[in-house]
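# A structural walkthrough
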Amino acid sequence: MNKYLTGMIKIKYLTTIDLNDYYNVIKDIPLDLSKGKKERIKFNKEILKHWSSKRISLEELFVLCKSKKIFDFDKIFDRSLTFKRLIIDDFEGLLNIKENIFYNRIKQNLGLKFLFNYSAHQGEISLFLTKNVELQTCYYCNIDFINLIKFYDVDDFLNNAPEGIVKHLNIPEKITNIILKKRKNEFISSSLVRGQLSYIESEMQKINSSNFFTIDHVIDKVRNPWFSLSLKNLVPCCYACNSKLKRSDSFGNVSPTSNSFDFNNSVKFQLLQDSKLVKIEELIKDKNKIRIKLQKEFVYAEYINILRLNPRYEFHKAIVY
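Keep in mind that this is a model prediction, so the values were computed, not measured.

Moving residue by residue along a regular strand, the side chains alternate between the two faces of the sheet. Because side chains alternate across strand S5 (residues 234-237), one face comprises the buried residues Leu 234 and Pro 236, and the other comprises Val 235 and Cys 237, equally buried. Looking at chain direction, strand S4 (residues 214-217) and S5 are connected through four bridges and run antiparallel. Considered in S5, the bridge of His 217 is made with Leu 234.

Below, the structure is given as structure tokens:
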């Protein structure tokens, strides 16, 4: 049995990141108090009892609701808690805030619903993460790629786009097959698709502007909506980890955004083989002669179980090893 370091890593923010930039993006997002339907109209009317303008920023809304005791904000949040702390405090700080909030009427609270509305502001958040986080592989499993796909021109697209994307194009199947076959052995020129050039350029631009990652809330946003917009509660990850495995589960106090996250040093791969000594060259040639298992550390046990890292790494052991 041998032990090797895993590839699990702490989230990598770019060295140029300024947390205040994220805070400024979020705090200044405006809400229009003149528009809406049903619940939003009710929310608007309540706020306009205490606010003279038809527009209000998220931070102004937070301060107003606390000071005027609207939507139970004075009961939910400690008097000293600022909107800035909620948005850019470190993960340990968020856990401390969480321990001091006791509120069970979340679904009925319109203030929480419209202030901490992640879905409405997902575009701004995704753009910030795209510009300020290294996006290569999923920060949960480190298996699936989440980096952006960028093509410089149609020639680059035709020669390097994944096969699935090329097949998805609405062009004659005959041309699609020619592209996939010829590019294996030679460089393909855009002249091959002259009749569909403008269409392919349009599809390429759509792909260039798309994200290939989802954003998970480490602390579940349904039970803890006040952390829906908190930077250190957001982890870029793959679809499988976010929607199929973790969902609303909790890792306890563990997060790739935490200052103390050291999965890479604390948890190691175990390469298990038969008792018979086998040369390393043979193991490399035949992946079936080894099994991969993560050596669990107690603090990361739930992390490993929820994300099903052992069976997933065993399946991908040819790559891992």
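A full pass over the atoms with the stated rule returns nine salt bridges. Where Glu 39 meets Lys 113, a salt bridge forms, and the shortest distance between an N and an O atom there is 2.3 Å. In this pair, Glu 39 is assigned in helix H2 (residues 39-48) and Lys 113 in helix H7 (residues 110-115), connecting sequence segments 74 residues apart. The network of salt bridges with common partners includes Asp 72, Lys 75 and Arg 105.

This part covers the packing of aromatic side chains. Inspection of the entire model under this criterion finds 19 aromatic pairs. With 4.8 Å between their ring centres and 55 degrees between their planes, Phe 251 and Tyr 303 make a pair best called tilted. Of this pair, Phe 251 sits in the loop between helix H13 (239-246) and helix H14 (263-266) while Tyr 303 is found in helix H16 (residues 301-306), placing the two residues 52 residues apart along the sequence. The class for Phe 251 is buried, based on a relative accessible area of 4%.

Topologically, Asp 72 is positioned in the loop between helix H3 (58-67) and helix H4 (73-76). Asp 72 sits 31 residues away from Tyr 103 along the chain, and the two C-alpha atoms are 9.3 Å apart. Beyond its immediate chain neighbours, meaning those up to four positions away, Asp 72 contacts Tyr 103, Arg 105 and Asn 109. Within the local environment of Asp 72, its side chain forms a polar contact with the side chain of Tyr 103, the two groups lying 2.8 Å apart.

With twelve residues, helix H12 (residues 197-208) should cover 16 Å at 1.5 Å per step; its first-to-last C-alpha distance of 16 Å lies within 8% of that length. Residues Ile 200, Glu 203, Met 204, Ile 207 and Asn 208 constitute the buried set of H12. For H12, the buried positions fall inside an angular range of 140 degrees around the axis, keeping them on one side.

We now examine H2. For H2, the complete set of buried residues consists of Arg 40, Phe 43, Asn 44 and Ile 47. Viewed end-on, H2 has its buried residues packed into an arc of 100 degrees, placing them on one side of the element. Projecting away from the buried face of H2 at angles above 90 degrees are the exposed residues Lys 42 and Lys 45. Check the buried side of H2 and you find it contacts strand S2 (30-32), strand S3 (55-57), H3 and H7.

What follows covers the nonpolar core. If you look at the biggest cluster of nonpolar residues, it comprises 74 residues, and the most contacted ones within it are Tyr 22, Ile 47, Phe 77, Phe 116, Tyr 140, Trp 226 and Tyr 303. If you tally residues by element for this core, the top one is H3, at five residues. Beyond its immediate chain neighbours, meaning those up to four positions away, Tyr 22 contacts Ile 87, Ile 88, Ile 125, Phe 128, Leu 229, Leu 231 and Leu 234. Listed in part, the 17 residues of the second largest apolar core include Leu 158, Ile 171, Val 193 and Met 204.

Calculation notes
Residues numbered from 1 in each chain as written. Predicted model: local features only at pLDDT ≥ 70, side-chain atom pairs only at ≥ 80, totals over all residues. Heavy atoms only, no water. Buried < 20%, exposed > 50% of the residue type's maximum accessible area, 1.4 Å probe, protein only. Helix = DSSP H or I, 4+ residues; strand = E, 2+ residues; numbered from the N terminus. Pairing = 2+ DSSP bridges. Salt bridge = Lys/Arg side-chain N within 4 Å of Asp/Glu carboxyl O. Phe/Tyr/Trp six-rings, centres within 6.5 Å; stacked < 30°, edge-to-face > 60°. Contact = heavy atoms within 4.5 Å. Polar contact = N/O pair within 3.5 Å; in protein donor to acceptor, adjacent residues only side chain to side chain. Expected span 1.5 Å × (residues − 1). Arc of directions from axis to C-beta. Core = buried A, V, L, I, M, F, W, Y, C linked by side-chain atoms within 4.5 Å.

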